[in-house]
Amino acid sequence: EVQLVESGGGLVQPGGSLRLSCAASGFTFSSYAMVWVRQAPGKGLEWVSAIIGGGGSASYADSVKGRFTISRDNAKNTVYLQMNNLKPEDTAVYYCKGTIGAMTYWGQGTQVTVSS
């Protein structure tokens, strides 16, 4: 059974940092790209960042480029999102997701709130 479990969210002041983690199980983690998406209150899903299975290439939404860094540890079956210089507009539920075969799997999400 594929499982994705996010952690690391919380309340942080503007300019602060958080690191989100997504622990994966039930599939060959290193073979698949992983994606972070977010959903702000009252808004639709926004793609944030993605990283290929081997970890050698990543991409970012313009809204987070230069502030967020995606990485993965294939030995730990975990993908991370380091978020620096957080802004109030980064407030959202953050989800990791992966597409394995014909199925896309999502974690349960972790809340990030940026507020003074």
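Whatever comes next refers back to the structure up there.
Residues numbered from 1 in each chain as written. Predicted model: local features only at pLDDT ≥ 70, side-chain atom pairs only at ≥ 80, totals over all residues. Heavy atoms only, no water.

Participant: How do you make sense of the overall build of the protein chain when you look at a structure like this?
Facilitator: When you go through the protein chain residue by residue, the secondary structure sums to 0 helices and 11 strands. When the helices and strands of the protein chain are listed from N to C terminus, the series reads β-β-β-β-β-β-β-β-β-β-β. Expected size for 116 residues packed as a compact globule is a radius of gyration near 13 Å; at 13 Å, the protein chain falls within 12% of this value. Overall size of the protein chain, expressed as C-alpha extent along the three principal axes, is 40 × 25 × 20 Å. Considering only intrachain contacts with a sequence separation of at least 6, the fraction spanning at least 24 residues in the protein chain is 51%. Just so you have it, the protein chain exposes about 5800 Å², and 49% of that area is on carbon and sulfur atoms. Taking the average location of the 9 positive side-chain charges in the protein chain and that of its 7 negative ones, the two points are 4 Å from each other. (Helix = DSSP H or I, 4+ residues; strand = E, 2+ residues; numbered from the N terminus. Rg over C-alpha atoms; globule rule 2.2 N^0.38 Å. Contact = heavy atoms within 4.5 Å. Areas by Shrake-Rupley, 256 points an atom, 1.4 Å probe, with all protein chains shown as cover. Lys, Arg positive; Asp, Glu negative; His and termini not counted. Charge placed at Lys NZ, Arg CZ, Asp CG, Glu CD.)

Participant: Before we go on, may I ask you to explain the nonpolar core in this structure?
Facilitator: Side chains of nonpolar character tend, in soluble globular proteins, to be buried together. Core analysis: the biggest nonpolar cluster contains 28 residues, and Trp36, Leu81, Met83 and Tyr94 have the highest contact counts within it. For this core, the secondary-structure elements that each account for two or more residues are strand E3 (18–25), strand E4 (34–39), strand E5 (45–51), strand E7 (68–73), strand E8 (78–83), strand E9 (92–100) and strand E11 (110–114). (Core = buried A, V, L, I, M, F, W, Y, C linked by side-chain atoms within 4.5 Å. Buried < 20%, exposed > 50% of the residue type's maximum accessible area, 1.4 Å probe, protein only.)

Participant: Help me understand the pairing of E8 in this model?
Facilitator: Within a regular beta strand, the side chains point alternately toward one face of the sheet and then the other, so they alternate between its two faces. Taking burial as the measure, the 6 residues of E8 include 5 buried ones, the bulk of the element. Bridging between E3 and E8 involves 6 bridges; their strand directions are antiparallel. Bridge pairing links Cys22 to Val79 in E8. With 6 bridges joining them, E7 and E8 adopt antiparallel strand pairing. Paired with Ser71 across the bridge in E8 is Tyr80. (Pairing = 2+ DSSP bridges.)

Participant: In this structure, what is going on with the pattern of salt bridges? I would like to understand it.
Facilitator: Oppositely charged side chains may form a pair once their charged atoms are brought near each other. In total, this model carries 4 salt bridges according to the counting rule given. Where Lys65 meets Asp62, a salt bridge forms, and the shortest distance between an N and an O atom there is 3.2 Å. Residue classification places Asp62 among the exposed residues on the basis of a relative accessible area of 68%. Put simply, Arg67 and Asp90 hold a salt bridge, and the shortest N to O gap is 2.7 Å. (Salt bridge = Lys/Arg side-chain N within 4 Å of Asp/Glu carboxyl O.)

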